Amino acid sequence: MPSARNEERRAEILRAALEVIAERGYRGASLAAVAERVGLTQQGLLHYFPTKEALLVAVLEARDRWDPGASGRSAGPWSLELLGSLVEYNAMRPGIVQTFAALLGESVTEDHPARSFFTRRYEQVRTSMADTLREEFGDRLPGGLTPEETAPLLVAIMDGLQYQWLLDPESVDMAAAFRAFVTLLAPERT
């Protein structure tokens, strides 16, 4: 079982990796750069994470632990109001949002080591969003779509807002835009 010190060091490495990936993207990030940020040699870093791919997966898993609603593994469906709170929360942590966006963008290539992670994650998130929509609206939304048909649209709104906000945070208010989208789902509820 890892010692408390080893766990602290792993967490420190994950935070540094998150920063380096946010700055340079996964392909531009090096183990040496991460090691330097935490005062280790590259060989010392390999003691904690034997490959760059292992470090990437650990960063993604840690990100989902820090963001309990992100992976779709929360206890029961989230309300749309709670999802709105998550959008507001994300606006307070641009580094994590930037890292997620950079890795997501890079992962669409066939050989990217995070591709299977994001594929599984989006399956889980779409299912979770469909559960949320079903809890809020039943088997049909006011516009006639099913929760399963609407879930990918909801995910696209959330992720698309993040990209727009990262590019122009002064012009894009993620939380307000998300609330506006929710009113489109059921205008009579507002």
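Rules used throughout
Residues numbered from 1 in each chain as written. Predicted model: local features only at pLDDT ≥ 70, side-chain atom pairs only at ≥ 80, totals over all residues. Heavy atoms only, no water. Helix = DSSP H or I, 4+ residues; strand = E, 2+ residues; numbered from the N terminus. Contact = heavy atoms within 4.5 Å. Buried < 20%, exposed > 50% of the residue type's maximum accessible area, 1.4 Å probe, protein only. Phe/Tyr/Trp six-rings, centres within 6.5 Å; stacked < 30°, edge-to-face > 60°. Lys NZ or Arg CZ within 6 Å of the ring centre and 35° of its normal. Expected span 1.5 Å × (residues − 1). Bend = angle between axes of the 7 residues up to and from the residue. Salt bridge = Lys/Arg side-chain N within 4 Å of Asp/Glu carboxyl O.

A short note on the environment of Arg9
So, point 1. As for its placement among the helices and strands, Arg9 is situated in helix H1 (residues 4-28).
So, point 2. What Arg9 contacts, discounting residues up to four positions off in sequence, is Val38, Gly39, Leu40 and Tyr48.

A few points about the side chain of Gln162
So, point 1. Position of Gln162 among the secondary structure elements: in helix H8 (residues 147-167).
So, point 2. When its relative accessible area of 7% is taken as the criterion, Gln162 is described as buried.
So, point 3. If sequence neighbours within four positions are ignored, Gln162 has contacts with Asn90, Val97, Phe100 and Met174.

Side note on the packing of aromatic side chains
So, point 1. Under the definition given, this model contains two aromatic pairs.
So, point 2. Ring geometry for Phe100 against Phe118: centres 5.5 Å apart, planes inclined by 70°, an arrangement best described as edge-to-face. Of this pair, Phe100 sits in helix H6 (residues 94-106) while Phe118 is found in helix H7 (residues 115-137), placing the two residues 18 residues apart along the sequence.
So, point 3. Phe100 gets classed as buried once you look at its relative accessible area, which sits at 5%.
So, point 4. Ring plane angle 85° and centroid distance 5.5 Å describe the contact between Phe117 and Phe118, whose orientation is recorded as edge-to-face.
So, point 5. Pairwise contacts between aromatic rings join Phe100, Phe117 and Phe118 into one cluster.
So, point 6. When the ring centre of Tyr122 is taken as origin, the NZ or CZ atom of Arg121, which lies over that ring, is 5.9 Å away.

Section: H1
Because the α-helix completes a turn every 3.6 residues, residues three or four places apart line up on one side.
So, point 1. For H1, with 25 residues, the first-to-last C-alpha span of 31 Å runs short of the 36 Å given by 1.5 Å per residue.
So, point 2. The largest bend in H1 amounts to roughly 85° and is located at Ala22.
So, point 3. Inspection of H1 places Arg9, Ile13, Leu14, Ala16, Ala17, Leu18, Val20, Ile21, Ala22, Gly25 and Tyr26 among the buried residues, and these make up the whole buried set.

Looking at the pattern of salt bridges
Side chains that differ in sign of charge can pair as their charged atoms come close.
So, point 1. If you walk through the whole model with that rule in mind, you get nine salt bridges.
So, point 2. Its salt-bridge partner being Glu12, residue Arg9 comes within 2.9 Å of it at the nearest N-O pair. Separated by three residues within a single helix, Arg9 and Glu12 lie in helix H1, roughly one turn from each other.
So, point 3. For the salt bridge of Arg37 with Glu23, the shortest nitrogen-to-oxygen distance reads 2.4 Å. Of this pair, Arg37 sits in helix H2 (residues 31-37) while Glu23 is found in helix H1, placing the two residues 14 residues apart along the sequence.
So, point 4. Arg37 sits in the partly exposed class, given a relative accessible area of 37%.
So, point 5. Through salt bridges with shared partners, a single network forms among Glu19, Glu23 and Arg37.

Everything listed here is a matter of geometry and, on its own, says nothing about what the molecule does.
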